[in-house]
Amino acid sequence: MGRRKWKIRKCDKELAAELSERCSLDALTALLLVARGITTPEEADAFLSGEPELIDPFALRDMDRAVERITRAVDAGEQIVVYGDYDADGVTASTLLYSYLSMIGAQVRVYIPERESEGFGLHKPAIDAVAAQGAGLIITVDNGIAAVEEAAYAAQIGLDLVITDHHLPGETLPHACAVVDPMRPDNACDYRGWCGAGVAFKLICALEGSDGADLLDEYADIVTIGTIADVMELKGENRAIVRRGLAQINAGVRRPGVQALLECAGMGDREIGAADIAFGVAPRINAAGRMGSAQKAFELLMADDPDQARELASAVNRENAERSELQRKMILEARAQLAGRAAFDRVLVVAAEGWHQGIIGIVAAKLAEEYGKPCFAMSIDGESAKGSARSAGVLSVYDALCDSADLLDQYGGHAGAGGFSLRADRIGALRRRLNEYAARSGTGIPALEIDCCLRPAFLQLPVVDAIRVLEPFGTGNPQPVFGMLKVRIDRIAALGKNRNHQRITFSRDGSSFTAMFFHREADSFEFREGDLADVAFTLDKSTYNGVERLDIHIRDMRHCDEQQDDARRGIGLYEKYMRGEQLSREDAAYAPASREAAVLIFGFLKKAGEWHCGAAELAYRICSARQYRGINTGTVLMALEAMAESGVVLEGGGSISLSDKKEKSDLFRSPVFQAIGAAGEEDPDGAE
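The model shown is predicted, which means the values in this text are computed figures rather than measured ones.

Participant: Even after reading the chapter, I still don't get the overall build of the chain, so can you show me in this structure?
Facilitator: Helix and strand counts for the chain stand at 24 helices and 20 strands. Summarising its shape, the C-alpha atoms of the chain cover approximately 90 × 60 × 50 Å along the three principal directions. Counting every position in the chain, which comprises 688 residues, the buried fraction comes to 52%. Partitioning the intrachain contacts of the chain with sequence separation of at least 6 by distance along the chain shows that 66% fall at a separation of at least 24.

The following block contains the structure:
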């Protein structure tokens, strides 16, 4: 029952008009810049040019020590192992550093651990294997900052270590020849935005004695893939690199591996943007590490021969298809776990024996987005469990894991995402602890940022050109989201094999337009033809049979006449009761026990039959056509629960319907109405 709160950015239209005139910008481009806090010609020029000075790599602490040790190894012909990670960032970082070191004549090879059998980061068996093969130096990329014990072990057996990472350091840094990490607080620069591939690139720059400007033509495309795949902010140096990398990919001469991946994604002959990397290239690279071996993705990016690249890309593409199907099944199983009261928790916790460890992060992300709540998903293997968490933007996952540290064997991450492991018999305790932490901290409501509202007449192809000036889009510079208020729904058509995509035709002010709402099942789609709605959407364009057309993709919809604050309050009260929390006198006053609401629900369900659109939507439909004063979302939801507790209504499998119960029920004896009554009788001072 998650609902996102819309936040429409405030914009000084006069300032936008002035910026448009002074910088010769399209009026919409200027409006979007001002809405995002870019208000002066100097700021606009710096943002739009995308060419800020690159940061001196030696501003990163220990970079000089890293260069000294690596240079010594190269000069002595010492065997170097680049120790990577199995995700797209780790694979691209490994590709970058291996390419450079082999080019300058180093004796170098790459080791990428297996996700299933080894897991993330440095491991003692891997260190032993590397040492047994004669290596004298390990350089980590995209990992190592948390490997305190493993680093000590490497030193104990005489193996030197240079760590390059971008994750948060703990209280103790690993013992190594150098620890290069932009998240170290003692760096000489304030910039923290690099991914693992970005830090590897800075290391290459330092080894070359360059700021990197002369190296972008060689490496920007690979750094771009890693940066976008790891969802890093596209600001400052990242923005400059990604702009250059996309230009390089679109210049016509692509690495065989990149071209082969794009062909598999159906993008081989078109201009590529950041979203194409995020949804077309990165998932396929990640699939190799999730479903098989990331070594295959590394070999793909390193391939010089187009035929070899196509063969490897086809294999990776098959693994991505397998990943997609397995992901779909796991999400269905997770939803089934959340069909009861677990869905009302502040933090969602799902776990199952045998879930693929490479996919639980995607499951957590999808559920967090769908329910608007933090989600912790775990794969159980015997007595142990490994998990992945996503925040939904309302709770710091890392802080929550820290609060539960005594229950965990390992954990790490940042505010938005994290990974952890624990004993399987502690999952219940972890769920309680996470929800207690969320209750103390407050989870808030997920927000959808809307840049500005448009009228239907503005929906023309030139608008897309004005938007694209702001690319590349990604974290920190999202694709603009527009709003349109009070539009009528004229037609809804379900598309797709599973009828899970909706094509909707809207009209307002004598104009009509059609938009797509993807991944919304027809049976549970809450809107009807004839409804008035507010729509949030993005704009793009595509070419079909040689003709350009405007593509409108819906991000969110809401009933325009719905009282948003009332809906959120009512849903919050309902979830509070379903979590077993004590109701307050204010709760009882807002949503008193109401026989009238139950009568309305009974009449609605008798007429509608089985209802598939959720309790909140049922409450909206009743409240919008209410016959009694004082009926609000909370009143209807609590009356619905009273009817369910009394057996008058059946809920399950995503549906709500009347039961065939013949005998009358006293709803006021239901637990929910008893709780409301008890709360209403409380003394103002809180005494019973």
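This is not the end of the story, as more comes after the structure.
Participant: Would you mind showing me how to read the sheet that holds strand β10 (residues 410–413) here?
Facilitator: What holds strands together in a sheet is hydrogen bonding between their backbones, with the strands either parallel or antiparallel. As summarised here, the arrangement of the five strands in space is β7-β8-β9-β11-β10, forming an open sheet in which the pairing is mixed. Strands at the two margins of the open sheet, each flanked by one partner only, are β7 (348–353) and β10. In this sheet, adjacent strand axes meet at a mean angle of 15 degrees when their direction is disregarded. With seven bridges joining them, strand β9 (residues 384–390) and strand β11 (residues 417–423) adopt antiparallel strand pairing. Bridging across to β11, A389 finds its partner in G418.

Participant: Explain the packing of aromatic side chains here, please?
Facilitator: Here the distance between the centres and the angle between the planes together describe a pair of aromatic rings. Under the definition given, this model contains 13 aromatic pairs. Ring centres of F525 and F527 lie 5.6 Å apart, and the angle between their planes is 55 degrees; this geometry places the pair in the tilted category. Among the residues examined, F527 registers a relative accessible area of 4% and is labelled buried. Through a chain of ring-to-ring contacts, three or more aromatic side chains come together here, namely F517, F525 and F527. The cationic tip of R239 hangs over the ring face of F47; the distance from NZ or CZ to the ring centre is 3.8 Å.

Participant: What's the story with the pattern of salt bridges in this structure? I'm lost.
Facilitator: Opposite charge on two side chains allows them to pair when their charged atoms are near. Taken as a whole and judged by the stated rule, the model has 41 salt bridges. Between E449 and K7 there is a salt bridge, and its shortest N-O distance comes to 3.9 Å. Highlighted residues: E449 in strand β12 (residues 447–450) and K7 in strand β1 (residues 5–8), separated in sequence by 442 residues. Given the relative accessible area of 34%, E449 is considered partly exposed. Residue classification places K7 among the partly exposed positions, given a relative accessible area of 41%.

Participant: Would you take a moment to explain the pairing of strand β14 (residues 482–495) for this structure?
Facilitator: Working note: regular strand, side chains alternate between the two faces of the sheet. With two bridges joining them, strand β13 (residues 452–453) and β14 adopt parallel strand pairing. Bridge assignment links C452 to a residue of β14, and that residue is F482. The pairing of β14 with strand β17 (residues 532–544) spans five bridges and is classified as antiparallel. Each bridged residue has a counterpart across the sheet, and for V487 the counterpart in β17 is A533. In this sheet, strand β15 (residues 501–508) lies alongside β14 in antiparallel orientation, the contact comprising seven bridges.

Participant: Even after reading the chapter, I still don't get the nonpolar core, so can you show me in this structure?
Facilitator: Nonpolar side chains tend to gather and get buried jointly when the protein is soluble and globular. I70, I80, L101, I139 and I285 are the most contacted members of the largest nonpolar core, which has 79 residues in total. Discounting residues that sit within four places of it in the chain, I285 has contacts with A88, V91, I225, L261, A297, L301 and V316.

Participant: What exactly am I supposed to notice about the environment of T538 here?
Facilitator: Here T538 lies in strand β17. With near-sequence residues (within four places) excluded, T538 lies in contact with Q479, P480, V481, D551, I552, H553 and R555.

Participant: Looking at this structure, how should I read the side chain of Q248?
Facilitator: Inspection of the secondary structure assignment puts Q248 in helix α10 (residues 236–249). Among the residues examined, Q248 registers a relative accessible area of 16% and is labelled buried. For Q248, the side chain forms a polar contact with the side chain of D221, separated by 3.3 Å. Sequence-distant contacts of Q248, defined by excluding residues within four places in its chain, comprise L216, D217, E218, A220, D221 and V253.

Participant: What exactly am I supposed to notice about the sheet that holds strand β5 (residues 160–164) here?
Facilitator: Spatially, β3-β2-β4-β5-β6 is the arrangement adopted by the five strands of the open sheet, whose pairing is parallel. Two strands in the sheet have a free side with no partner beyond their single neighbour: β3 (107–111) and β6 (178–180). On average, each strand axis in the sheet is tilted by 20 degrees relative to the strand beside it, whichever way the strands run. Pairing between strand β2 (residues 79–83) and strand β4 (residues 137–141): four bridges, direction parallel. Residue pairing for β4: I80 is matched across the bridge by L137.

Participant: I would appreciate a short explanation of helix α17 (residues 427–441) in the present structure.
Facilitator: Three or four residues apart is the spacing at which side chains of an α-helix point the same way, because the helix has 3.6 residues per turn. Spanning 15 residues, α17 covers 21 Å between terminal C-alpha atoms, matching the ideal 21 Å at 1.5 Å per step. Within the sequence span of α17, burial applies to I427, L430, L434, N435, Y437 and A438. Buried residues of α17 fall within an arc of 155 degrees about the axis and therefore sit on the same side. The exposed residues of α17 that point more than 90 degrees off its buried face are R432 and R440. Just past α17, the residue G442 takes up positive phi, approximately 80 degrees.

Participant: Hey, could you run me through the packing of helix α5 (residues 88–103) against helix α9 (residues 216–229) in this one?
Facilitator: For any two helices packed against each other, the geometry is given by the interaxial angle and the distance between the axes. Contact geometry of α5 with α9 gives a least axis separation of 7 Å together with a crossing angle of 160 degrees. Considering the angle they form, α5 stands roughly antiparallel to α9. As α5 packs across α9, the resulting crossing turns out to be left-handed. Of the residues in α9, those in contact with A88, D89, T92, T95, L96, S99, Y100 and M103 of α5 are Y219, I222, V223, I225, G226 and A229. Broken down by class, the residue content of the contact of α5 with α9 amounts to nine nonpolar, four polar and one charged.

Participant: Would you mind showing me how to read the side chain of R115 here?
Facilitator: By the secondary structure assignment, R115 is in the loop between β3 and α6 (124–132). Given a relative accessible area of 14%, R115 falls into the buried group. When neighbours within four sequence positions are excluded, R115 is seen to be in contact with Y86, G289, R290, Q357 and G358.

The rules we used
- What you see as residue numbers is a count from 1 along each chain, following the sequence as written.
- With pLDDT at 70 or above as the cut-off, local features in this predicted model cover only qualifying residues; side-chain atom pairs require 80 or more to be listed or tallied, and sums for whole chains, interfaces and linings still use all residues.
- Heavy atoms from the whole structure form the basis of all side-chain values; hydrogens and water molecules are not counted.
- Strands are runs of DSSP state E lasting at least two residues, helices are runs of H or I lasting at least four, and both sets are numbered from the N terminus onward.
- Each residue gets one of three labels from its accessible area relative to the maximum for its type: buried under 20%, exposed over 50%, partly exposed in between, using a 1.4 Å probe on protein chains only.
- Any pair of residues with heavy atoms lying within 4.5 Å of one another is described as a contacting pair.
- For two strands to count as paired, DSSP must find a minimum of two bridges between them.
- Angular values range over 0 to 180 degrees, each being the angle between N-to-C directions of two axes fitted as lines to C-alpha atoms, with helices fitted over their stretch in contact.
- Pairing of aromatic side chains here covers Phe, Tyr and the six-membered ring of Trp, requires ring centres within 6.5 Å, and sorts the geometry by plane angle: under 30 degrees stacked, over 60 edge-to-face, intermediate tilted.
- Charges are assigned to positions over rings by a cutoff of 6 Å between ring centre and Lys NZ or Arg CZ, combined with an angular limit of 35 degrees from the ring normal.
- Salt bridges are identified by distance alone: a Lys or Arg side-chain nitrogen within 4 Å of an Asp or Glu carboxyl oxygen.
- Put simply, a nonpolar core is a bunch of buried Ala, Val, Leu, Ile, Met, Phe, Trp, Tyr and Cys residues held in one set by side-chain atoms that sit within 4.5 Å of each other.
- The term polar contact refers here to a pair of N or O atoms within 3.5 Å; inside protein, the definition further demands a hydrogen-donor-capable atom paired with an acceptor-capable atom, and it admits residues adjacent in sequence only when both atoms are side-chain atoms.
- Any helix carries an expected span of 1.5 Å times its number of residues minus one.
- Comment: arc refers to directions from the helix axis out to C-beta atoms.
- For classification purposes, an angle smaller than 35 degrees is called roughly parallel, one larger than 145 roughly antiparallel, one from 65 to 115 roughly perpendicular, and anything else oblique.
- Here a crossing is taken to be left-handed if its near helix is turned anticlockwise relative to the far helix by less than a right angle, and right-handed if that turn runs clockwise.
- Note that Gly is not counted as nonpolar here; it falls among the polar residues with everything else outside the nonpolar set of Ala, Val, Leu, Ile, Met, Phe, Trp, Tyr, Cys and Pro and the charged set of Asp, Glu, Lys and Arg.

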